[in-house]
Amino acid sequence: MVYRLGCEAADIFASIIPFEGSPPPADYNCTPSEPVHLLHIHGTDDHTVYYDGKHRDMGAVDSVTFFGGYNGCSTGANATFLNNATIANAKYRGDSSHTDSLDISKNVNGYDTEVFELAGCASDGTATLWKVVGETHDPSLNSNYATNVVKWIKNHPKGTSGNFYTATDTEYGDDG
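Basis of the calculations
Residues numbered from 1 in each chain as written. Predicted model: local features only at pLDDT ≥ 70, side-chain atom pairs only at ≥ 80, totals over all residues. Heavy atoms only, no water. 1 Å grid on protein atoms, 1.4 Å probe; cavity = no way out; pocket = protein on both sides within 12 Å on 5 of 7 lines; lining within 4 Å. Points joined across faces, edges and corners; volume = space filled by probe spheres on them. Nonpolar A, V, L, I, M, F, W, Y, C, P; charged D, E, K, R; others polar. Disulfide = S-S within 2.5 Å. Helix = DSSP H or I, 4+ residues; strand = E, 2+ residues; numbered from the N terminus. Buried < 20%, exposed > 50% of the residue type's maximum accessible area, 1.4 Å probe, protein only. Pairing = 2+ DSSP bridges. Phe/Tyr/Trp six-rings, centres within 6.5 Å; stacked < 30°, edge-to-face > 60°. Core = buried A, V, L, I, M, F, W, Y, C linked by side-chain atoms within 4.5 Å. Contact = heavy atoms within 4.5 Å.

A. Broad picture of the layout of surface pockets. Considered as a void within the structure, the second largest pocket measures approximately 170 Å³ in volume. Taken together, M1, Y3, R4, S22, P23, P24, P25, Y28, R56 and D57 form the lining of the second largest pocket. Across the lining of the second largest pocket, the residue classes tally to six nonpolar, one polar and three charged.

B. Representation of the state of the cysteines in the model. A full pass over the atoms with the stated rule returns two disulfides. Residue pairing for C73: its cysteine sulfur links by disulfide to C121, the two sulfurs lying 1.9 Å apart. Its S-S torsion of about 105° marks the bond between C73 and C121 as right-handed, since a negative value means left-handed. With C73 in the loop between α2 (60–68) and α3 (87–91) and C121 in the loop between β4 (113–117) and β5 (127–132), this pair connects stretches of sequence that are 48 residues apart. For the protein chain, the bonded cysteines pair up as 1-2, 3-4 when numbered in the order they occur along the sequence.

C. Fine view of the pairing of strand β2 (residues 37–43). Burial runs high along β2: seven of the seven residues are buried. Side chains H37, L39, I41 and G43 project from β2 onto one buried face, and the interleaved L38, H40 and H42 project onto a second face that is buried too. With two bridges joining them, strand β1 (residues 15–16) and β2 adopt parallel strand pairing. Residue S15 lies in a different strand from β2, and its bridge partner there is H37. Pairing analysis gives six bridges linking β2 to β5, with the strands arranged parallel. Within β5, the residue paired with L39 across the bridge is T128.

D. Structural detail: the packing of aromatic side chains. Enumeration over the complete set of coordinates arrives at four aromatic pairs. Consider the rings of F66 and Y70, whose centres lie 5.6 Å apart with planes at 80°: the pair is edge-to-face. Given a relative accessible area of 28%, F66 falls into the partly exposed group. Counting every residue linked through ring pairs, the aromatic cluster contains Y3, F66, F67 and Y70.

E. A look at the nonpolar core. Core analysis: the biggest nonpolar cluster contains 21 residues, and L38, F67, L118 and L129 have the highest contact counts within it. If you list the elements that add at least two residues to this core, you get α1 (2–8), α2 and β5. With sequence-adjacent residues up to four places away left out, L118 is seen in contact with V64, T65, G68, C73, S74, A79, T80, F81, L82 and A127. One finds I41, L102, W130 and W152 within the second-largest nonpolar core, a separate group that totals nine residues.

F. Just the pairing of β5, in detail. Burial analysis of β5 places six of its six residues in the buried class, which makes it a mostly covered element. Judged by which residues are buried, β5 turns out to be covered on both faces: A127, L129 and K131 on one side and T128, W130 and V132 on the other are all buried. In this sheet, β5 lies alongside β4 in antiparallel orientation, the contact comprising five bridges. Of the residues in β5, the one forming a bridge with T113 is V132.

What follows is the structure in structure tokens.
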């Protein structure tokens, strides 16, 4: 449903944040009128909308690279991520030791969420995956989750390239 907003109302929304969802099927004919920032959040132990994809749903990485194509990002097997991350890092359901990480889950101590941002996107659209290692379709999230989502939204306004890492925790509240 959230991806559908990106397809049909890109002129209204600066960003979309699907949580463990999948883009509409190819026959839906998604045609965003302009780039829209994407933050896809997905638990690796989700057995409803599988992280790896199953049935008609795309997996998390494929969802991000698919929709990232509308933002001019590198896609498919040629997709590349910022900060030397790889498709293999993003697709691996365990902790890939990727350096860009957040702490948003109550179920995992310390950093549990790896951040992957596609490279090569248009100047006014991004495509980002937050891979929550060990979380399910019904995650137990700590207060850092809301803080980090608000921080991401505020740093991805309409018509900009966005940068999650420019805000300080004190600007949007700190959980610690």
